[in-house]
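Inside the fold
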Amino acid sequence: MNFDAATHKCVIVVDKELGLGHAANAVSVIGVSMGRSVENLVGPDMRSQDNVNYPGVIYTPLPILLSSKEKLREILVKTLEEDEIHNIPFSALAQSCRTYQEYEERMSAADSSSIELVAIGLVGSKKRSPS
């Protein structure tokens, strides 16, 4: 996906039952993944007058919303059917792994219907909504 702030929006929806640390972790991981997988989402680095580098930031507001686990699952299922909405699901399975290798092994052995979501990032047209 190639992001255009004039026509696209993004949001991260988090399980309202998560503790603050787990919620912050979920949002940060989705943010990193979103920046990696969506072209033109992050602007160029900036320099202050005294030549300190400040990394580029997202071109648009990024609301963080709270929802139930059930609604997160509904959003994922609906967005999987939508070509125009890029989804970035994040699971309790991922949060429980100590290494990427463990994550890879456990994820490849799991069926998606049994994976508990803790958050989901969405990027798509301002005219579309996965409500």
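Everything below is about the structure printed above this text.
Remember, it's a predicted structure, so these values are computed and weren't measured experimentally. (Residues numbered from 1 in each chain as written. Predicted model: local features only at pLDDT ≥ 70, side-chain atom pairs only at ≥ 80, totals over all residues. Heavy atoms only, no water.)

**A short note on the pattern of salt bridges**
Here is the rule: We count a salt bridge whenever a side-chain nitrogen from Lys or Arg sits within 4 Å of a carboxyl oxygen from Asp or Glu. Strands are runs of DSSP state E lasting at least two residues, helices are runs of H or I lasting at least four, and both sets are numbered from the N terminus onward. Only protein chains enter the accessibility calculation, which uses a 1.4 Å probe; a residue is then buried when its area is under 20% of its type maximum, exposed when over 50%, and partly exposed in between.
If you walk through the whole model with that rule in mind, you get 4 salt bridges. When the shortest N-O distance is used, the salt bridge between lysine 71 and glutamate 74 registers 3.8 Å. Separated by 3 residues within a single helix, lysine 71 and glutamate 74 lie in helix H2 (residues 69-80), roughly one turn from each other. Lysine 71 gets classed as partly exposed once you look at its relative accessible area, which sits at 28%. Using a relative accessible area of 47% as the deciding quantity, one classes glutamate 74 as partly exposed. Ionic pairing is found between glutamate 102 and arginine 106, a salt bridge with its closest N-O pair at 3.5 Å.

**Some remarks on the packing of aromatic side chains**
Heads up, the rule is: The criterion for an aromatic pair is that two Phe, Tyr or Trp rings (for Trp, the six-membered ring) have centres within 6.5 Å, with stacked assigned to planes under 30 degrees apart, edge-to-face to planes over 60 apart and tilted to the rest.
This structure, assessed with the given rule, holds 1 aromatic pair. A centroid spacing of 5.4 Å and a plane angle of 70 degrees characterise the contact between tyrosine 100 and tyrosine 103, whose relative ring orientation is edge-to-face. With a gap of 3 residues between them, tyrosine 100 and tyrosine 103 both fall in helix H4 (residues 100-108), about one helical turn apart.

**Some remarks on the pairing of strand E1 (residues 8-15)**
Applicable threshold: Should DSSP find at least two bridges between two strands, the strands are regarded as paired.
Within E1, 7 of the 8 residues are buried, which leaves the element mostly enclosed by the surrounding structure. Across 7 bridges, the pairing between E1 and strand E6 (residues 117-125) is antiparallel. Within the sheet, the bridge partner assigned to histidine 8 lies in E6 and is serine 125. Inspection of the sheet shows E1 paired to strand E4 (residues 64-67) by 4 bridges, in the parallel sense. Directly across from valine 14, in E4, lies its bridge partner leucine 66.

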